[in-house]
Amino acid sequence: MTPLEEIIRAEIAERGAMGVDRYMELCLGHPEHGYYTTRDPLGASGDFTTAPEISQMFGELVGLWLAQAWLDIGSPERVNLVELGPGRGTLMADILRVARGVPGFLDAAQVFLIESSPVLREAQEKALTGYEVTWAEGVEETDDAPYLWVMNEFLDALPVKQFQRVGDVWLERVVKLKDGKLLFGLQKTQITGFSMAQPDGAIVERAGFGLKLMRMICKQLETSGGAALIFDYGDAQGRGDTLQAVRGHDYVDVFDRPGESDLTAHVNFGDLALAIGTCQANLTTQGQFLAAMGIDARAEALARGKDAETAKAVHSAHRRLTDEAEMGTLFKAMAITRAGAETPPGF
Ligand code: SAH
């Protein structure tokens, strides 16, 4: 049994069954034994790979988008560039490298990273050597300058609650202990706003902190302007139970060795869009976004004049990022801008 499983069992024994959100929070973020607290999960030797780790093309096109967003708000002298959950720092390094080509942007940008994992923070320090970067504790800090927010595969790591329709009522799906095993159970809870149009047995997920974050971003965009660019897997609506655990690039049971696999839920972009109040959200697939931002031409340029193996690797990365059967359709891109702003590039 993992040390974290003992802690989870003890908490259930003491306080009763825990929500799926609490289970996710402990598995991913426990200060001593949480998945992200204890390791760098990324890359071929890790548990999963992300778009910026697949190719520099991803971060470069995101960097161009952010620089354009800065130009679109009138090239302010100061802008806060904030990345949430920056992993190994690869995305921000690619963003900042390409941003050098946009006169004035790097001088204006104050870079903030929000990262809970000490291991990954160290990797970020290495990747961003030579740049002035600040690690912030949270997103609450206020500043008058506009903000540019960026996040890739961050929201899927935030805790969700699950609810299930059973006959005429909705119950909360919880993690309980039975016969010495962690199992799902159902319990009564105070909830509103669930539709009986969903079939009996349906499971619905509700983000907590993710929605709060969206409201906070929108409030800040309304006050001082800017934009947010969000990538993750998910859909414009919920897909039932999407809780999943991944270890060594394979799916495992969500109760198998808690704290040693990546535990995530698909992002419900429709719920996020509802949370942003007066701001506007644009949603497209990652494949369409990257195509509209010019990934074909970028891949050609990177492959030109290179040996066959390098050229092949560039084309293979292009395919992984954009193909329907790979990350192109399952992954979405969402932009959030102020009400009345023009539709941003890529959407
Ligand atoms: N964006 C990176 C990493 C994605 S993995 C990439 O695309 O490669 C998720 C990232 O979010 C990790 O860096 C993880 O440590 C961080 N993270 C997860 N939960 C967090 C939280 N509550 N607060 C801050 N960072 C968090």
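Shown above is the structure to which this text applies.
Residues numbered from 1 in each chain as written. Predicted model: local features only at pLDDT ≥ 70, side-chain atom pairs only at ≥ 80, totals over all residues. Heavy atoms only, no water.

Colleague: Run through the overall build of the chain, naming residues and quoting values.
Modeller: Across its full length, the chain carries 13 helices and 16 strands. Overall, the C-alpha framework of the chain stretches about 60 × 45 × 35 Å when taken along its three principal axes. Per-residue burial over the chain gives 52% buried out of 347 residues. Put simply, 75% of the contacts in the chain that link residues at least 6 apart link residues at least 24 apart. Surface accessibility of the chain: about 16100 Å² in total, with carbon and sulfur atoms responsible for 49%. Charged side chains of the chain number 32 positive and 50 negative; the gap between the two group centres comes to 3 Å. (Helix = DSSP H or I, 4+ residues; strand = E, 2+ residues; numbered from the N terminus. Buried < 20%, exposed > 50% of the residue type's maximum accessible area, 1.4 Å probe, protein only. Contact = heavy atoms within 4.5 Å. Areas by Shrake-Rupley, 256 points an atom, 1.4 Å probe, with all protein chains shown as cover. Lys, Arg positive; Asp, Glu negative; His and termini not counted. Charge placed at Lys NZ, Arg CZ, Asp CG, Glu CD.)

Colleague: A description of the packing of aromatic side chains should follow, citing residues and the corresponding values.
Modeller: In total, this model carries 11 aromatic pairs according to the counting rule given. Relative to Phe-255, the ring of Phe-184 lies with its centre 4.9 Å away and its plane at 55 degrees, an arrangement referred to as tilted. In this pair, Phe-184 is assigned in strand β8 (residues 181–187) and Phe-255 in the loop between β12 (250–252) and β13 (262–264), connecting sequence segments 71 residues apart. Following the ring pairs from residue to residue traces out a cluster consisting of Phe-58, Phe-231, Phe-289 and Phe-347. (Phe/Tyr/Trp six-rings, centres within 6.5 Å; stacked < 30°, edge-to-face > 60°.)

Colleague: Please set out helix α1 (residues 3–15) residue by residue, giving values where relevant.
Modeller: A rise of 1.5 Å per residue sets the reference length of α1, with its 13 residues, at 18 Å; its end C-alpha atoms lie 19 Å apart and thus fit the reference within 8%. When α1 is considered as a whole, its buried residues turn out to be Leu-4, Glu-5, Ile-8, Arg-9, Glu-11 and Ile-12. Seen from one end, α1 has its buried residues packed into an arc of 160 degrees, which puts them on one side. In α1, the exposed positions angled more than 90 degrees off the buried face are occupied by Glu-6, Ala-13 and Glu-14. Those residues of α1 that are buried lie in contact with β1 (18–19), α2 (20–29), β7 (169–178) and β8. Phi for Gly-16, located one or two positions after α1, is positive at around 95 degrees. (Expected span 1.5 Å × (residues − 1). Arc of directions from axis to C-beta.)

Colleague: Report on helix α12 (residues 295–303), specifying residues and quantitative values.
Modeller: Those residues of α12 not exposed but buried are Ile-295, Ala-299, Leu-302 and Ala-303. All buried residues of α12 fall inside an arc of 95 degrees around its axis, so they share one side. Residues of α12 that are buried in the fold lie against α5 (56–72), α11 (286–292) and α13 (308–322). The first or second residue beyond α12 is Gly-305, which carries a positive phi of 75 degrees.

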